[in-house]
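# Geometric and topological summary
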Amino acid sequence: MLRLFSFYLRKCGSVRQWRLLTLFALFNGAVELMTLGMLALFIASLTSLGDVFSSRYILVAKDIFGEYCFSSPKRFYLCLGSGIISLVLLKNTLIGLHYYATSRFEGNMNKTIGMKMLKDFMHTPYTWSASQNPAEVQSYVEWRLFVGFFSSQAMALIGEAVVSLFLFAAMFCFEPMVTLSVVSVAGVAGILFFCVFKSRISYYGDHVSDAQKESDKLSLMNIQGFRDIVTFNARGRFLRLFEKQLERFAWNTAWQRLFSRAPMLSLEAFGFLGVVGGSVLMVSFSEYTTARLMGTLSLIAVSAWRILPALNRAVVALGAMQSYRPYLEKVRVFMEAMESFQTPNKTVDSAKLGPLRNSIRLDGLTYTYDNGSRPALDGLTMSIPKGALVGVIGHSGAGKSTLTDILTGFLIPTQGAVLIDDVPLSEEVKHSWRDHVGLIPQRPYFFDGSIAENVAFTLQAEEVELGKVQECCRQAGADEFIKRLSEGVNARVGENGCLLSGGQAQRLAIARALYKNPPVLIFDEATSSLDERNASKIRETIVALKGERTVIIVAHRLRAVQDCDQLIWLKDGKIVEIGTPEVILPQYRKSAS
């Protein structure tokens, strides 16, 4: 667990804060020791004030603080009571401050880990991120809370251990025999029980985390796949699977919590056995004066009143940390997987990243997927001039989607290059290149916000330029249906555009691409799921953009590309032919027949 805690401290850059909190805990322990010591002195003085005044500790105190507080019993109790009250107030204030600082420490670790995980995920290669299960990724990001829980339990463990060690040291100075009996019985019993139950805590913790991850996955499947699940009358099947995981979670959580608390219950019994047994031995065999005996018994009683709960809380903290461990191990593996893709940021001359001036050129472009037996694209060489309307056609598996991903910088060629005005589209420039590209995918993403927010692609309403949104919607042909809405561009689209028709969604996707005013537009099967009427309107919108921007249409439907200046015919990752629609389309239809 120490290795795991150290891992997250380094990732959060929180080593210094942890050291300061540890020093804070040490100071708190010293103040608490002084408070309990004065309480023990107060109890002992009630039985034999004369013996207390003659003890060597009081003589030392007189040399340090002077005679005033020891000149009479009245002044002694006044000073002692004032000191106890002051120390109790100081102790509780410090405990409150330490609790606040620990809570801030926990919150900052949650925030830092959450930001790091999502940031690293957004910078992973497209092929890797697309292969991850969204529900699992969401679970890992949500499990960042366990990093904070783990750290707060670790700080609680340190705090309780410090107080216990200080009190054990004080007890040992006064009565080694009792101290050793308490430590040997309670301490050894606590450690032994924790070691015995540790494997069970981890075992059930693994099952709890797996059940939670699977239930999150099934929950997301039921929400996202609602329509299909209902259509196939599969609600009962999916709900039973979900219920099974919830039952598994509840069953294992109960056992995990039982084994987490079992060491505490055992420690409490053995701790009192050690205290009572050691006290009986001291009373039976020691020859202490009444004051010394009462002082020692008072210190033991007060210390036991504080130590046993502290040891219990320390064992509970250990159990909690052990139960969080399966979550944190999975998050650590996920973080390390993402970090393996991270490379130092590199800068490129901004002049190389400007808007398209001349052409996009493919020079021997080849791409092979990691698990591919043959290239998805093989030796493509061609040029797309600025302002052209170019179509890319081919049957399924021809390489159209791979070409789209390469042109948008999601994939980097295995061999050859994409040249933007003779500048290679590489890892270093792909982010800047996307500022000049608008992508209209087949299934665009919409969040649960207004039309305006989705076109501007922002969750901050104040960042939306309404005039620009309305103009882009007009250019995309979306203003017609928006005018029929009572709220206009402020109407909500629903999660993932569930309140939009297919044609409306595509038009808003075009408006979104136009909002960033890119010189290059790429339509990736943008009309494949639309009926002919809506597809025809989208084609009219695309043709209207001709000349103003460089437009690339990747399509399966031949009508979508019939107005292009140039067609690129792909088959098995290779270019079959490049030419005008009048030349290419008859040959393509003939080959398909």
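Just so you know, these numbers come straight off a predicted model, no measurement behind them.

### A word on the sheet that holds strand S7 (residues 520–524)
- Spatially, the six strands line up as an open sheet ordered S6-S7-S8-S3-S9-S10, and their pairing is mixed. A single partner strand is all that each edge strand has here, and the edge strands are strand S6 (437–440) and strand S10 (574–579). Sheet twist, expressed as the average angle between the axes of neighbouring strands with direction ignored, equals 15 degrees.
- Sheet contacts for helix H20 (residues 581–592): strand S3 (389–393), strand S9 (566–571) and S10; angle to S9, the most-contacted strand, approximately 25 degrees.

### Overview of the confidence of the model for the protein chain
- Summary statistics for the protein chain give a mean pLDDT of 82 and a share of 85% for residues scoring 70 or more.
- In this model residues 346–351 is a low-confidence stretch, pLDDT under 50, and it forms five contacts with partners more than four residues away in sequence or in other chains.

### Description of a nonpolar patch on the surface
- A grouping of Leu20, Leu23 and Leu26 is seen on the molecular surface, where their side chains present a nonpolar patch of about 270 Å² in accessible area.
- Within the fold, Leu20 resides in helix H2 (residues 15–47).

### What about the packing of aromatic side chains?
- Summed over all chains, the structure comprises 21 aromatic pairs.
- Measuring from ring centre to ring centre gives 5.4 Å for Trp128 and Phe341, while their planes differ by 55 degrees; the resulting arrangement is tilted. Of the two residues, Trp128 sits in helix H6 (residues 126–131) while Phe341 sits in the loop between helix H12 (290–339) and strand S1 (359–367), which places them 213 residues apart along the sequence.
- Judged by its relative accessible area of 16%, Trp128 is buried.
- Among the aromatic side chains, those forming a connected cluster through ring pairs are Phe121, Trp128, Tyr140, Trp143, Phe146, Phe149, Tyr324, Tyr327, Phe334 and Phe341.
- Sitting over the ring of Phe446, Arg512 keeps its end group 5.0 Å from the ring centre.

### Let's talk about the side chain of Glu453
- By the element assignment, Glu453 lies in helix H15 (residues 451–456).
- Despite its burial, Glu453 pairs with no opposite charge; the closest candidate is Arg492, at 5.0 Å N-O.
- Polar side-chain contacts of Glu453 include one of 3.0 Å to the backbone nitrogen of Ser450.
- Not counting the four nearest positions on each side in its chain, Glu453 is found in contact with Phe447, Thr458, Leu459, Ala461 and Val464.

### Here we look at the nonpolar core
- Within the largest apolar cluster, 46 residues are counted, with the highest numbers of intra-cluster contacts made by Ile393, Leu508, Phe523 and Ile553.
- If you look at the next biggest cluster of nonpolar residues, it comprises 37 residues, including Leu9, Met109, Met117 and Val208.

### What about the environment of Gly449?
- Its location among the elements puts Gly449 in the loop between S6 and H15.
- The sequence separation of Gly449 and Gly494 amounts to 45 residues, and the corresponding C-alpha distance is 6.7 Å.
- Apart from the residues lying within four places of it in its own chain, the contact partners of Gly449 are Asn454, Ala491, Arg492 and Val493.

Reading the values: the criteria
Residues numbered from 1 in each chain as written. Predicted model: local features only at pLDDT ≥ 70, side-chain atom pairs only at ≥ 80, totals over all residues. Heavy atoms only, no water. Pairing = 2+ DSSP bridges. Helix = DSSP H or I, 4+ residues; strand = E, 2+ residues; numbered from the N terminus. Axes fitted to C-alpha atoms, helices over the stretch in contact; angles between N-to-C directions. Contact = heavy atoms within 4.5 Å. pLDDT = per-residue confidence, 0-100. Patch = residues over 30% accessible without salt bridge, like charges linked within 9 Å, V, L, I, M, F, W, Y side chains within 5 Å. Areas by Shrake-Rupley, 256 points an atom, 1.4 Å probe, with all protein chains shown as cover. Salt bridge = Lys/Arg side-chain N within 4 Å of Asp/Glu carboxyl O. Phe/Tyr/Trp six-rings, centres within 6.5 Å; stacked < 30°, edge-to-face > 60°. Buried < 20%, exposed > 50% of the residue type's maximum accessible area, 1.4 Å probe, protein only. Lys NZ or Arg CZ within 6 Å of the ring centre and 35° of its normal. Lys, Arg positive; Asp, Glu negative; His and termini not counted. Polar contact = N/O pair within 3.5 Å; in protein donor to acceptor, adjacent residues only side chain to side chain. Core = buried A, V, L, I, M, F, W, Y, C linked by side-chain atoms within 4.5 Å.

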